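A look at the structure
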Amino acid sequence: MPSKTKIDDLASSTAETQVDTGVSLAASAWRRLRRNPVFLTGAGIILLFVLVAILSPLLAPHDPADRMLADQVIKARNEIPPSQPGHPLGGDLQGRDFLSRLLIGSQQTLLVGVLATMIGLAGGLVLGTLAGALGGWVDSVVMRAVDVMLSIPSLLLAVSIGMLFAQANQFTVILAVAIVQIPIFARLLRGSMLAQRHSDHVLAARALGVKPAAIVFRHMLPNSLGPVIVQSTLVLAVAIIDAAALSFLGLGNPDDNIPEWGQMLGGSQTVLDSHPSLAFWPASCIIVVALGFTLMGESLRDALDPKNRR
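The structure presented is a predicted model; accordingly, all values stated were derived computationally and were not measured.

Cut-offs applied
Residues numbered from 1 in each chain as written. Predicted model: local features only at pLDDT ≥ 70, side-chain atom pairs only at ≥ 80, totals over all residues. Heavy atoms only, no water. 1 Å grid on protein atoms, 1.4 Å probe; cavity = no way out; pocket = protein on both sides within 12 Å on 5 of 7 lines; lining within 4 Å. Points joined across faces, edges and corners; volume = space filled by probe spheres on them. Helix = DSSP H or I, 4+ residues; strand = E, 2+ residues; numbered from the N terminus. pLDDT = per-residue confidence, 0-100. Contact = heavy atoms within 4.5 Å. Nonpolar A, V, L, I, M, F, W, Y, C, P; charged D, E, K, R; others polar. Phe/Tyr/Trp six-rings, centres within 6.5 Å; stacked < 30°, edge-to-face > 60°. Buried < 20%, exposed > 50% of the residue type's maximum accessible area, 1.4 Å probe, protein only.

**Here's the deal with empty space enclosed by the protein**
Summed over the entire model, instances satisfying the criterion amount to one cavity of 30 Å³ or more. Of the volumes computed, that of the largest cavity is approximately 80 Å³. As for the largest cavity, its lining consists of Gln108, Val112, Gln170, Val173, Ala243, Ser247, Gly252, Asn253, Ile258, Pro259 and Glu260. Elements with a contribution of two residues or more to the lining of the largest cavity: helix 4 (98–134), helix 7 (170–196) and helix 10 (225–248).

Structure representation (structure tokens):
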């Protein structure tokens, strides 16, 4: 006969298992995420980045366009303002406070990355829904166009699109990066919707005579958005890197009084040997922020995978 203690332990274990299997996928995912150091690290980086970007006008000690240290710039001797009281990171090639430009630049980087991802997501949702819901020749046409775009490296495609505009500005950077992201979301959503076609709830809705449009927008599309939303966090990291690359190549905002990390990185190339810090700080910010979105996105994808549910 098993002891009373063993029986109680078995009953407790069975109850915990029933509770765990009874929770929703989202609740189960959050239970794992809040104990995941990788997710917490990525979320912490993103939270800090967003707060700095939002509060940057208040945090910046000086006007990023003010050449207050211009008298310390000696181009003949390749000298720029060093670190000094009131200017912890010194100045740039124009005598502007480097810390202020770095802080304000975070706002521009966040704006470009988020807007480009949102536009790319919207375009991908339209194409993916058409291909997944209609099928047939519509699916073939959309997917062949997506295949062509995906066959070109994303950065090369973004640069090619940026070169098409006569006057480069911040909007052209957002548009170029967004167009590159559309096929990623379209292919992912189309695959998710095809998987939903033969699911029980869709078959039941068809048997009950529900209209095709209602089946698509009430049953198939809502249940297909999970992987797409998770993918957007990963794509956001790529968007920030691509936007910085376009600005680095001179395809971004031509007004350097409005700082952006990629633009700051490109402007430091002429003095990279003598003043590497001008490139180190914006490059480090880009890498850390992209890493934060990648860590959070990978953790979300693993946590929402039903195969990993315990």
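So that's the structure; there's more coming.
**Quick word on the confidence of the model for the chain**
Model confidence for the chain is summarised by a mean pLDDT of 83, while 90% of its residues fall at 70 or above. Highest mean pLDDT in the chain belongs to helix 3 (residues 37–59) (91); lowest belongs to helix 1 (residues 4–22) (44). Here residues 4–20 is a poorly scored stretch, pLDDT under 50, and it has four contacts once near neighbours within four places are set aside; other chains count.

**Looking at the layout of surface pockets**
Where empty space is left can be seen by rolling a probe of water-molecule size over the atoms. Considered as a void within the structure, the second largest pocket measures approximately 310 Å³ in volume. Around the second largest pocket sit 15 residues that line it, and Leu48, Val52, Trp261, Cys285 and Val289 are the ones nearest its centre. When contributions to the lining of the second largest pocket are tallied by element, the ones reaching two or more residues are helix 3, helix 4 and helix 12 (277–303). Broken down by element, the lining of the second largest pocket gets its largest block of residues, five residues, from helix 12. Grouping the constituent residues of the lining of the second largest pocket by class yields 13 nonpolar, two polar and no charged.

**Describing the packing of aromatic side chains**
What the rule picks out here adds up to two aromatic pairs. On the numbers, 5.8 Å between centres and 45° between planes, the contact of phenylalanine 49 with tryptophan 261 is tilted. Here phenylalanine 49 is found in helix 3, whereas its partner tryptophan 261 is found in helix 11 (residues 261–267), with 212 residues between them in sequence. The two residues phenylalanine 49 and tryptophan 261 agree in class, both being buried. With a centroid separation of 5.2 Å and 75° between ring planes, the pair formed by phenylalanine 280 and tryptophan 281 is classed as edge-to-face.

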